[in-house]
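# Structure at a glance
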Amino acid sequence: MTIWYGGDYNPEQWPREIWDEDVRLMNRAGVSLATVGVFSWARLEPREGDYDFAWLDEVLDLLHANGVRVDLATATASPPPWLALRYPQTLPVTEHGVRLSVGSRQQYCPSSPVYRQKAAELVRRIVERYADHPALELWHVNNEYGCHVSHCYCEVSAEAFRDWLRAKYGDVEELNRVWGTAFWSQRYDSFTEVSPPRAAPTFRNPTQLLDFDRFSNDELLACYRAEAAIIRDRSAIPVTTNFMGFFKAVDYWAWAREVDVVSDDTYPDPADPDAPAYAAMVRDLMRSLGGGAPWLLMEQAPSAVNWRRQNAAKAPGQMRAWSYQSVARGADGVLFFQWRQSAAGSEKFHSGLVPHAGTDTRLWREVEQLGSELAALSVRTGAEAIAGTRVPSSVAITLDWDSWWAIEQPAAPTDVSYLRILFAWHRALTESGVTVDFVRSDADLSGYSLVVAPAHFTATDAQVANLAAFAQTGTLVVGFGTAVTDENLHVRLGGYLGAPLRSALGVWIEEFAPPAAPDPQNLGTGTPPALALEGAVLGGAGAGGVWAEYLRVEDAETLATFGDGALSGWPAVTRRATPGGAGWYVATLPEPAALQRLAAAVLLDAGIEPPAPVTRGGRVECVRRGGSLFVINHGADEAVLQIDGTDLLTGAPTSGMRLPQHGVAIVRPREV
Amino acid sequence: MTIWYGGDYNPEQWPREIWDEDVRLMNRAGVSLATVGVFSWARLEPREGDYDFAWLDEVLDLLHANGVRVDLATATASPPPWLALRYPQTLPVTEHGVRLSVGSRQQYCPSSPVYRQKAAELVRRIVERYADHPALELWHVNNEYGCHVSHCYCEVSAEAFRDWLRAKYGDVEELNRVWGTAFWSQRYDSFTEVSPPRAAPTFRNPTQLLDFDRFSNDELLACYRAEAAIIRDRSAIPVTTNFMGFFKAVDYWAWAREVDVVSDDTYPDPADPDAPAYAAMVRDLMRSLGGGAPWLLMEQAPSAVNWRRQNAAKAPGQMRAWSYQSVARGADGVLFFQWRQSAAGSEKFHSGLVPHAGTDTRLWREVEQLGSELAALSVRTGAEAIAGTRVPSSVAITLDWDSWWAIEQPAAPTDVSYLRILFAWHRALTESGVTVDFVRSDADLSGYSLVVAPAHFTATDAQVANLAAFAQTGTLVVGFGTAVTDENLHVRLGGYLGAPLRSALGVWIEEFAPPAAPDPQNLGTGTPPALALEGAVLGGAGAGGVWAEYLRVEDAETLATFGDGALSGWPAVTRRATPGGAGWYVATLPEPAALQRLAAAVLLDAGIEPPAPVTRGGRVECVRRGGSLFVINHGADEAVLQIDGTDLLTGAPTSGMRLPQHGVAIVRPREV
Amino acid sequence: MTIWYGGDYNPEQWPREIWDEDVRLMNRAGVSLATVGVFSWARLEPREGDYDFAWLDEVLDLLHANGVRVDLATATASPPPWLALRYPQTLPVTEHGVRLSVGSRQQYCPSSPVYRQKAAELVRRIVERYADHPALELWHVNNEYGCHVSHCYCEVSAEAFRDWLRAKYGDVEELNRVWGTAFWSQRYDSFTEVSPPRAAPTFRNPTQLLDFDRFSNDELLACYRAEAAIIRDRSAIPVTTNFMGFFKAVDYWAWAREVDVVSDDTYPDPADPDAPAYAAMVRDLMRSLGGGAPWLLMEQAPSAVNWRRQNAAKAPGQMRAWSYQSVARGADGVLFFQWRQSAAGSEKFHSGLVPHAGTDTRLWREVEQLGSELAALSVRTGAEAIAGTRVPSSVAITLDWDSWWAIEQPAAPTDVSYLRILFAWHRALTESGVTVDFVRSDADLSGYSLVVAPAHFTATDAQVANLAAFAQTGTLVVGFGTAVTDENLHVRLGGYLGAPLRSALGVWIEEFAPPAAPDPQNLGTGTPPALALEGAVLGGAGAGGVWAEYLRVEDAETLATFGDGALSGWPAVTRRATPGGAGWYVATLPEPAALQRLAAAVLLDAGIEPPAPVTRGGRVECVRRGGSLFVINHGADEAVLQIDGTDLLTGAPTSGMRLPQHGVAIVRPREV
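Each value, and the rule that gives it
- Residues numbered from 1 in each chain as written.
- Chains lettered and ligands numbered in written order.
- Predicted model: local features only at pLDDT ≥ 70, side-chain atom pairs only at ≥ 80, totals over all residues.
- Heavy atoms only, no water.
- Contact = heavy atoms within 4.5 Å.
- Buried area = accessible area lost by both parts, 1.4 Å probe.
- Salt bridge = Lys/Arg side-chain N within 4 Å of Asp/Glu carboxyl O.
- Helix = DSSP H or I, 4+ residues; strand = E, 2+ residues; numbered from the N terminus.
- Nonpolar A, V, L, I, M, F, W, Y, C, P; charged D, E, K, R; others polar.
- Domains from an automatic or database assignment.
- Polar contact = N/O pair within 3.5 Å; in protein donor to acceptor, adjacent residues only side chain to side chain.
- Phe/Tyr/Trp six-rings, centres within 6.5 Å; stacked < 30°, edge-to-face > 60°.
- Buried < 20%, exposed > 50% of the residue type's maximum accessible area, 1.4 Å probe, protein only.
- Pairing = 2+ DSSP bridges.
- Axes fitted to C-alpha atoms, helices over the stretch in contact; angles between N-to-C directions.
- Parallel < 35°, antiparallel > 145°, perpendicular 65-115°, else oblique.
- Least-squares fit on C-alpha atoms with pLDDT ≥ 70 in both.
- Disulfide = S-S within 2.5 Å.

### Quick word on the interface of chain C and chain A
With 60 residues of chain C in contact, the opposing surface of chain A contributes 60 residues. Of the roughly 5200 Å² buried at the junction of chain C and chain A (both faces included), carbon and sulfur atoms supply 57%. Considering only the side of chain C, the residues that lose the most area to chain A are Phe-183, Trp-184 and Pro-201 of chain C, jointly responsible for 14% of the buried surface there. The tally of links from chain C across to chain A stands at four salt bridges. Among the secondary structure elements, those contributing two or more residues to the side of chain C that touches chain A are α8 (206-234), β14 (507-512) and β17 (549-553) of chain C. Ranked by the residues each element gives to the side of chain C that touches chain A, the list is headed by β14 of chain C, at five residues. By residue class, the composition of the side of chain C that touches chain A is 33 nonpolar, 17 polar and ten charged.

This is how it looks when you write it as structure tokens:
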């Protein structure tokens, strides 16, 4: 099994003589996989119907001759300028009616039949030509679907949206019922009257917005499916398309079913001390999307990116440490954007494996070191195997794109970030020492001891029932803002939470009372105050934020209460014991220290013994994969290992081993 | 006389069986008035020319059968989607040229002949059908005119604007003179060259902007008038349209003349400690608009709204306290948006009288309590009567929409909020214990002892003369930024302030010198520093902000001076005694404590004895209406009444009575 | 020689009787030059082809009769509304596709053939009529080219841009090479596929952006050239157009070659304590643009402007002090916008020499005083001459519009303000007591002892070589971010800095590592931390910001190092001795105190002895012009002169003379 190493390779940016240096350096660095052709449409089809593959033939042959495998892109992500000139209707339109122009990238309307047809024709030719090329390891469909343009509001999209609605609702009266158009005089008399949610005088219909989010995801997925079908018709090589971590516009649960291997582009911010914790959450998502199967880190930056306001370089060792984080959390490949740093264009200040300054550089030396280490790890087998092994977890957090789309709509009880809520829970659990999966709330949960469902705002009856059923045999933690609506964004009346969850948890919600900052007649906004919390389960006293509720307890124990304001004395955290588990409810978002105390309590309740610390000092991430324990020190302080075993990277004994900042050990524990 | 109780009733959102529960619960809650049909156009005319009134017949009959009176809307506020599809020119256009879409509400160009004609046809049919319905108590024209779309920049509006200008100016040379088009080469050779003030390279012509504000107000008012005329042709029932407090786009002085009863929608922010003071100002405006006649609180929220960034729930008792504030300040009705909280649509998280969770809720219990109390108050008569009585006041603040529009234009001396200036004065006076009216500056002021004219930026000669004349018999306080221009936005030359005010006040303004924060080449802005002030009339020392002036004194006493910077030693507050009164001038906005000292001084000067405090402790609002004194505690601390009388709500003696936060007493003082 | 005094005169705003008062007051104030006709197109050509010059005849005759010379504008800056109505394609379009409207000013597409033709026709008629008018002193072409609309994205501009690109590149493949279109699939198959950089999904092509900046500058310059050619065909009177200080959109190096005298509009913010330092930099630029020749301060404000958010009035004496700053730094004229403050229009709250309040005002008295002083100075001759004399300098800072445009593009290493970097260096040098010129980096530098090249991001080979050559004979200081790319925005590979500079300075840059604030998944941005610096040359310890680099030293002395983080111990400031000079490199922007220490060190290294202080106390600016030393106190504290000489303004001896805030002395030092 191999841990792939390499990255995006764009030789069309460089003269031919550089290509030879490229493969020579790839071999020096241990590069095993190169992604080719991502942005090559304009080069492959310089004018409509006029194809030029000769250069790509040469690239693939050269890579093959030098032992580098190829992840071949379909090149459809960024259409050439001629498409816009000939078919201006392929250009996407914003909700304010601005038709976007050529000159950057990915300027296409996903619903455009012209775009889809031209893309399909290109894919057909690429597949025909390269399906049997011996360098081929993976097909790479398009690129970062939805990046920059995930929703298009043009008239072509409008017509496609109407068709999608016709297919979904059949009768316009059913659409009227589901969208609640009786309010605000929005009733449609026919599907032809419906538009995408373009700029309007005020809040647009929430279910229209949600359906447009779903439609937009479906249209992008249809683009992917069409290309994948052409490939699979002719080739048995696995197919992927690169995801983008927690990307709101695209529901990766639906997409993960369609790819042969999950792959991800993630660019944590080197300047952000929270980045390792956030990135850990992203890696866990990627592993979870594939049902635990190994995945590929398709893109990360060797050092700085160039699209933030300020772009920190990675510190020495940081790239290596974050690469191992991916491997620890299930990746079987560590790839980069891009091989050779561009000399021109919009990403010339995005770092590359071969930097502008060449190979007499800190960066290149780290590239060589990591390549060499991964190659050595790749040949480990048996209990020392890394590649191909799985990452065990008995804890899961539910993740649901409908809820994400819905809870962040305007005209909501308060402004929340779904992602920040998930991150708070993921971090509290991870820092307790456990590894966390993400799950769909309607998945089979029987493999888990603990499931946390935070802010699962929009829930189907089946999801509500599935969660409620889990509480009978495991520990279920439901966070505020859950099951407030059904999948049509109709409120679940009679007290929030669907009936099965009310029974399972023994509580219902009478009214929302989120903390709020004064908004004097729209003349100012601010940060809402924290809410005091009381309860041993939170470590005595703490503070909550983001959300609060009047929580009514029917059959549960109150473990924490709100401590001030109108909510004073009302329950904040409850627990109801069940025959084989427990059902917790948390009516606010405790601040990090309190949430970590709460996480420890629910882990204990679920019978999960967090592992003993393996180091003293440092800010250490520990993840078990296969037979090994990855230990990574993200903190400035040195960490000292306290675990008896051997470091696979150095062969050294790990007891007493010192890990500086960004230091990594892959511990094969001594068999006891 | 009745204090109406109820709210917007939108049965078309609910299945028929809910309607029966609705009227049952209305009776339990003491609901006496329901507003019906506000957003029903699409339901009443589902396709062009095809009307369906059967459901509305049933609603009105059902309400009537259960003793609930009806405020019937003309349903024209939000056109159905078919209007946009058939007549896209009815959709409004922003100043950047974006044509707004269906899918929210109120998407119509006020100048559109098609919209007006379709609306008129609908109103004709509604009036024809329901004019004689026995449930009918009030006609409710359209809804919240100007909300979301107050100015339309489409070509239809442009043509209407040109007609409006032709009617106003007759000759384009007169327009050129008034608009000052000699500057910046803006001279128009014909009216056809004129546009609405659409997006332009830089600051647009100020008088064009002001005329477009006036035109836009007039167009909305023309829409109202057309509907009201259709109603009055056939019906003698009173007509209203619901105002929105201090709403900049609509000059309510002009509108108040056209309604039979003033009604208001106001949503103070429960999270804002300043909300009660701000709401008091709004209630005083509504009373003043009707010349002191009772008005209706047409909409408020039972608890949270859903259109702020963060939406606080009302604390227990807060809804009741704020309802009584309206009654205290002249309302004869306490109504809500909306009866039953929506399960779907853009306002589903806006609270309703019947909440999502049903009647086993804090909210519903408060709804029942208030309904029962208001019913009991309604039957009081004689000296104990509330409904129908008036609120005495001897103090007035001038309010002028032209000044509001003008002083907040860009390219002004500094950025000010007209509303914040008015609020500062209103609050300082109100907290001194008096009740304040708003007046037009050209109204008959003889009923007042004190008139404050703050920032009356744009003043006609008649207004200047009227204010100046008042200073001969009463106490006039003129604030900075007053009478700077005439009604054409032409500066009054030779020292700001029109000549009559210069004589009356004995001062003139040489130059503006507002406090300013550094703006280094547009690379940053900030909050300007406060200006030190000196003067016993301000309590010794204080600070001013927002504005400052080089004030020249010709014939007045200087009561306070600026204390630092280039203005050091220049007058800040002056007073000139007149035969029967006094004329004060205030060249800055003192901070609240200093302004309250100043307010006390001018009240004293006007011979107004602020009433003795009636409580100890609390943050208490006191308002006299009819023969009663309303006492409302908005503060967290308990208040203890010190007034000898009887509480109309409880019958208890009031001396020593304790009022918790949000507590209310309606004191019938003991006759001495 | 005369120091001109006066300003923009817009008599068309006023009735005829005011004109007589105007010239009377001009004479009282000593006004010698009036700029006439800047915004008169609509008045001169009220409808297409119909001209009216009678009023302007009268104005010029009146001024002439009263001894006021005339700077006559071509009146083309702001087209009349009829142009837009008849030729809507002359209106400019934003990058989002919004066509801007009439109603403000300067609403024309610079590439519009219709606009250019109508403008040319107007200029021909004006020149024909007034070329021989005896009042004429100067021609004033258009006004503030590029203000508000510097880039137009309409289809006419697009076609012109394509023509410009055809002329520049000849073959589209050369464009593809230079723009780097191989990346992101941007390859153009023909020039017809190219657009202006309109709104697009994400970052637009950097070289396309830069070429569009160049094109836009060229189009404006072509407008200027066309008008100037018409004038010069017929008239020998000098021609100018008014610049706007450091104005990013227009490359004044190219423009300065085309004007007979440089003139400038600058409006420092009276509320900003940094304004005098910033304004000094602007004055130095104007002198440098003209190669050291006297220039004209064409516009400044007598007191407040009206286009900031908050508009401070100038304090007493501030206008005079800032006027003398211009004269000190080479101006032979002090002019204002505008003569008489408007009563209407968008600039009515912009101060005028004749204020709204008239002549019994602080402002008018200062206007008279300054006019009288300048008249007295104008007649000085010999060693006491001011007008016509030059300002010596041996220090220069390089300034390059390509670098300005490029380094502030998005998708860069970090966000920087080119202007703030230049300002930091200019201020550090100026406060050391020297006067600084600006130079093109490819100019003859032999007249200078010290040249500082900060952030010269985009450098041609010739510029790199010229700078490197200078280091052989003078002291060259190169700042971070220099010569990172060539003129095509192609990175200089193999370590940043072109090869000649690497040799000259003995260093190269391995990687950028700018300080960065956390950007957690785009959910927040912030201010990056300062970087510790160590080194005697900075005064021991200091802090840097904005930028940092991994600097590799090959042949230089390290004078300061970075003190913390990943850069700890890496060089921050280096110096390499050369046969006749030295080459310094500075890899960050030291904070002001440290930068001033560094400036002192490089001045010393260059053999420049900063002059001894001439005052005790105050915040004093000293500049030598001709045989005099201007001393201006900008600080609140009094300054006491310590220089032996005579004040030209008062005739008083200067030793021990006291200068209050805003005080000015023009010292004629005693001959020793």
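### Regarding the domain arrangement of chain A
Residue and element names in this part refer to chain A. Structurally, chain A comprises domain 1 (4-151 + 217-384), domain 2 (155-208), domain 3 (395-605) and domain 4 (615-669). Using only C-alpha atoms to locate each centre, domain 1 and domain 2 end up separated by 36 Å. Contacts between the two partners involve eight residues from domain 1 and, on the opposite side, eight residues from domain 2. Counting the surface lost from both domain 1 and domain 2, the interface buries some 570 Å², and carbon and sulfur atoms represent 54% of this. By the criterion of area lost to domain 2, the three top residues of domain 1 are Glu-95, Ser-111 and Asp-218, representing 57% of everything that side buries. On the surface where domain 1 and domain 2 come into contact, there are one salt bridge. For Arg-204, the salt bridge is made with Glu-95, and the minimal N-O distance between the two is 2.5 Å. On the surface where domain 1 and domain 2 come into contact, there are three residue pairs in polar contact (both at pLDDT 80 or more). Of the residues contributing to the side of domain 1 that touches domain 2, the split by class is two nonpolar, three polar and three charged.

### Thoughts on the packing of aromatic side chains
All names here are of chain A. All told, the structure shown has 106 aromatic pairs over all chains when counted by the stated rule. Measuring from ring centre to ring centre gives 6.0 Å for Trp-339 and Trp-364, while their planes differ by 80°; the resulting arrangement is edge-to-face. Of this pair, Trp-339 sits in the loop between β9 (331-336) and α12 (362-378) while Trp-364 sits in helix α12, placing them 25 residues apart in sequence. In this pair, the class of Trp-339 matches that of Trp-364, namely buried. Pairwise contacts between aromatic rings join Tyr-153, Phe-161, Trp-164, Trp-179, Tyr-188, Phe-212 and Phe-215 into one cluster.

### Focus on the sheet that holds strand β28 (residues 664-669) of chain C
Residue and element names in this part refer to chain C. The four strands lie next to each other as β23-β24-β28-β26, forming an open sheet whose pairing is antiparallel. Both outer strands of the open sheet, β23 (620-625) and β26 (645-647), are each paired with one neighbouring strand and no more. For this sheet the average axis-to-axis angle between neighbouring strands, irrespective of direction, equals 25°. Pairing geometry for strand β24 (residues 628-633) and β28, over four bridges, is antiparallel. When the bridges of β28 are listed, Val-631 appears paired with Ala-665. On top of the sheet, helix α11 (residues 318-328) reaches β23, β24 and β28; it is set at about 150° to β24, its chief contact.

### Structural notes on the packing of helix α6 (residues 155-169) of chain B against helix α8 (residues 206-232) of chain B
All names here are of chain B. With their axes 10 Å apart at the nearest point, α6 and α8 run at an angle of 105° to one another. The angle between the axes of α6 and α8 places the two elements in the roughly perpendicular class. Contacts between α6 and α8 involve Ser-157, Ala-160, Phe-161, Trp-164, Leu-165, Lys-168 and Tyr-169 from the first element and Gln-208, Asp-211, Phe-212, Arg-214, Phe-215, Asp-218 and Glu-219 from the second.

### Side note on the relation of the copies chain C and chain A
In screw terms, the move from chain C to chain A is a rotation of 120° and a rise of 0.1 Å along the axis, fitting with an RMSD of 0.1 Å. Taken together, these values place the two copies in the relation of a three-fold axis.

### What about the pattern of salt bridges?
Inspection of the entire model under this criterion finds 171 salt bridges over all chains. Here Asp-189 of chain A and Arg-47 of chain B are joined by a salt bridge, their closest N and O atoms 2.7 Å apart. Highlighted residues: Asp-189 of chain A in the loop between α7 (172-179) and α8 (206-234) and Arg-47 of chain B in the loop between α2 (41-44) and α3 (54-65), drawn from two different chains. Residue Arg-232 of chain C pairs with Asp-260 of chain C through a salt bridge whose shortest N-O separation is 3.0 Å. Of this pair, Arg-232 of chain C sits in helix α8 while Asp-260 of chain C is found in the loop between α9 (252-256) and β7 (263-265), placing the two residues 28 residues apart along the sequence. Residue Arg-232 of chain C is classed as partly exposed on the basis of its relative accessible area, which comes to 38%. With relative accessibility at 45%, the residue Asp-260 of chain C sits in the partly exposed group. Connected through shared salt-bridge partners, Glu-155, Glu-159, Arg-162, Asp-163, Arg-166 and Arg-198 of chain A make up one network.

### Brief notes about the side chain of Asn-242 of chain A
Residues and elements named next belong to chain A. The topology assignment puts Asn-242 in strand β6 (residues 242-243). With a relative accessible area of 2%, Asn-242 lands in the buried category. Here the side chain of Asn-242 touches Glu-144 through a polar contact of 3.0 Å, landing on its backbone nitrogen. Polar side-chain contacts of Asn-242 include one of 2.8 Å to the side chain of Asp-265. For Asn-242, the contacting residues outside a window of four places in its chain are His-140, Asn-142, Asn-143, Glu-144, Ser-263, Asp-265, Met-298 and Glu-299.

### Some points on the state of the cysteines
Scanning the model with the defined rule gives zero disulfides over all chains in all. With no disulfide of its own, Cys-223 of chain A lies 8.4 Å from the sulfur of Cys-109 of chain A, the closest cysteine sulfur. Its relative accessible area of 4% is what places Cys-223 of chain A among the buried residues. The thiol sulfur of Cys-109 of chain B is not disulfide-bonded, and the nearest other cysteine sulfur, from Cys-152 of chain B, lies at 3.8 Å.

### A look at the sheet that holds strand β24 (residues 628-633) of chain B
Residue and element names in this part refer to chain B. On the basis of which strands lie adjacent, the open sheet formed by four strands has the order β23-β24-β28-β26 and antiparallel pairing. The sheet is open, and its two edges are formed by β23 (620-625) and β26 (645-647), each paired on a single side. If you compare each strand with its neighbour and ignore which way they point, the axes differ by 25° on average. By the bridge criterion, six bridges tie β23 to β24 in an arrangement that is antiparallel. Each residue of the ladder has a partner; that of Val-623, found in β24, is Phe-630. With respect to the sheet, helix α11 (residues 318-328) is in contact with β23, β24 and β28 (664-669), its orientation differing from that of β24 by roughly 150°.

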